Amino acid sequence: MRVGIIGGGAAGLAAGYELTRRGHFAEVFEAAPFLGGQASTFPVGGGQLERGYHHLFVSDTDMAQLIEELGLGDSLEWLESKVGLFYGGRIWDFATPLDLLRFTPLPLTQRIRLGLRTFLLQKTRNWRKFEDVTAAEWTRRHMGEAAYRVIWEPMLRGKFGDYYDQVSMAWLWGKIYLRVSSRKRMEKERLGYPMCSFGTVFDVCGERIAEQGGRVHVGAAVRRIIASDGVATGLEVSLDGGEAQTYEYDAIIATTPSYVFTRLAPELPDDYRARLESARYLSAVLMILVLDRPLSSKYWLNVADRSLPFVGIIEHTNMIDRNLYGGRHIVYLTNYPDRSSELYRKEPADLLEEFIPHLQSINPDFSRDWIVEYHHHRVDGAQPIIGVGYGAQIPDHRTPVQHLYLANTTQIYPEDRGTNYSVRMGRQVARMALEDGGAS
Ligand SMILES: Cc1cc2nc3c(=O)[nH]c(=O)nc-3n(C[C@H](O)[C@H](O)[C@H](O)COP(=O)(O)OP(=O)(O)OC[C@H]3O[C@@H](n4cnc5c(N)ncnc54)[C@H](O)[C@@H]3O)c2cc1C
């Protein structure tokens, strides 16, 4: 079979890899000048750094397997995570049950209740019972008002901004359950990172697709999916901004966000289109500071203090060897705003000025001359908003147009989106296209 793939992120490349591995022809078109999509990298201090911080959980077995199959298994390391919570003007350790017991901003009874409930969630497989209740309601009712205000509300606001009180408990279950499901009892959390970088994993995947007889293009924006009589037959693509050219295929797999897909796709029936249009996303805005010394001792710091203008601080080099980046210390300051928000549109230099005074709350010694350089990235379509009853709204991978498939992050549920699930979905949808085409 000949399959055209729109998007050279985790899902598109995994689909192309799976198809070519099985002896079929796949051609991947990526609009950006690089592969990897949301998990792409750029050069910093002689190394490759993700535009948005990235790591793997032990439950991310599909991604770990792909890394292995690409011959990069030796590069994947599992490192102890150092997690903290910034609350009440100080950093609290927040990695183990003992840390929770020592977290005095919550009364002892609330700490015990929170710990027990979290433990029970980690043991609960039946996530369906959480589908129709918001995380805000559930955590308030079962973990207490104080735990909600101090822990969960800041966490939900951090990830979903103004939509924080609409998020389904099924989403929060996924975060809590999967994070520990494959960890051995009482073992400290370890996070995975390919030392060659996520960007390199996806570049190597692109090379493997070519070695297996496929083709991968960057700077190749798909303008239109061609269909006739309800059957997808090809793509109209502009390479390097040039005139659009037509390519013919037996099947098409689109991995773009839903709002891009509705623009590219031919006439879609109203009910399917309505599902696509009901998908809402937040963007990610990342300010990356390259420092000459560390900001804190934590890798992952949740900021549960709304007076600070960022919701998370990920100090990459508190987990990954800084010698990969010329000895520099790398800190991501992160937010998930709406595209219409002021924060999203702010000029990078202005945003940096806004952030700098608050870094002294994290480390009183911080001074702006620690900053060697900074980088700013916006990632659109970064986080689908998972509301109550979300499962019933997910569009099928098989679209109503024959031989046209959709595999994007809105279809990942109840798990939270991640490279692991995009890889799994990309490979699954590739097999689906083969099956429908009578191939294997
Ligand atoms: C800040 C941040 C932190 C994250 N942290 C983690 C983490 O720690 N661990 C983890 O596993 N995951 C993490 N993720 C999530 C992970 O990166 C994504 O879920 C995953 O990479 C999505 O892959 P995808 O292929 O489904 O989508 P995308 O990566 O969005 O790929 C879609 C591709 O389609 C391309 N495209 C769009 N329109 C067109 C067109 N018309 N023609 C051609 N190409 C087009 C886009 O340029 C893009 O490259 C993070 C994401 C963000 C934003």
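What counts and what doesn't
- Residues numbered from 1 in each chain as written.
- Predicted model: local features only at pLDDT ≥ 70, side-chain atom pairs only at ≥ 80, totals over all residues.
- Heavy atoms only, no water.
- Near = heavy atom within 4 Å.
- Polar contact = N/O pair within 3.5 Å; in protein donor to acceptor, adjacent residues only side chain to side chain.
- Areas by Shrake-Rupley, 256 points an atom, 1.4 Å probe, with all protein chains shown as cover.
- Helix = DSSP H or I, 4+ residues; strand = E, 2+ residues; numbered from the N terminus.
- Nonpolar A, V, L, I, M, F, W, Y, C, P; charged D, E, K, R; others polar.
- Contact = heavy atoms within 4.5 Å.
- Salt bridge = Lys/Arg side-chain N within 4 Å of Asp/Glu carboxyl O.
- Pairing = 2+ DSSP bridges.
- Axes fitted to C-alpha atoms, helices over the stretch in contact; angles between N-to-C directions.

## Re the site of the ligand
Alright, step 1. Looking at the ligand, there are 31 residues lining it, with Glu30, His54, His55, Thr419 and Ser422 nearest.
Alright, step 2. His55 places a polar main-chain atom, nitrogen or oxygen, 2.8 Å from a nitrogen atom of the ligand.
Alright, step 3. The backbone of Val222 places a nitrogen or oxygen atom 2.9 Å from a nitrogen atom of the ligand.
Alright, step 4. Considered on its own, the ligand offers 1000 Å² of accessible surface; in the complex 90% of this is hidden by protein.
Alright, step 5. Listing elements by their share of the shell around the ligand, those giving two or more residues are helix 1 (10-21), strand 10 (220-228), helix 9 (258-264), strand 18 (371-384) and helix 13 (419-436).
Alright, step 6. Among the elements that take part in the shell around the ligand, strand 10 stands out by supplying three residues, more than any other.
Alright, step 7. Here the shell around the ligand is built from residues that sort into 16 nonpolar, 13 polar and two charged.

## As for the environment of Tyr148
Alright, step 1. Among the structural elements, Tyr148 can be located in helix 6 (residues 145-160).
Alright, step 2. Taking the C-alpha atoms as reference points, Tyr148 and Trp138, separated by ten residues in sequence, lie 9.4 Å from one another.
Alright, step 3. With residues near it in sequence (within four places) discarded, Tyr148 still touches Ala136, Thr139, Arg140, Glu153, Pro154 and Tyr164.

## Considering the pattern of salt bridges
Alright, step 1. Per the counting criterion, the structure on display carries 28 salt bridges.
Alright, step 2. Between Lys298 and Asp93 there is a salt bridge, with the nearest N and O atoms lying 2.6 Å from each other. In this pair, Lys298 sits in the loop between strand 14 (281-291) and strand 15 (300-303) while Asp93 sits in strand 7 (residues 90-93), placing the two residues 205 residues apart along the sequence.
Alright, step 3. Linking Glu211 and Arg208 is a salt bridge whose minimum nitrogen-to-oxygen distance equals 3.6 Å. Of this pair, Glu211 and Arg208 both sit in helix 8 (residues 198-211), separated by three residues, roughly a single helical turn.
Alright, step 4. Connected through shared salt-bridge partners, Glu18, Arg21, Arg22, Glu69, Arg427 and Arg431 make up one network.

## Some remarks on the sheet that holds strand 1 (residues 2-6)
Alright, step 1. Here we have five strands laid out as an open sheet, ordered 9-2-1-13-19, and parallel in their pairing. Of all strands in the sheet, those with a lone pairing partner are strand 9 (215-217) and strand 19 (404-406), marking the two edges. Ignoring which end each strand starts from, the neighbouring axes of this sheet average 15 degrees apart.
Alright, step 2. Two strands pair when backbone bridges link them, and strand 1 and strand 13 (residues 251-254) are joined in this way by four bridges, in the parallel orientation.

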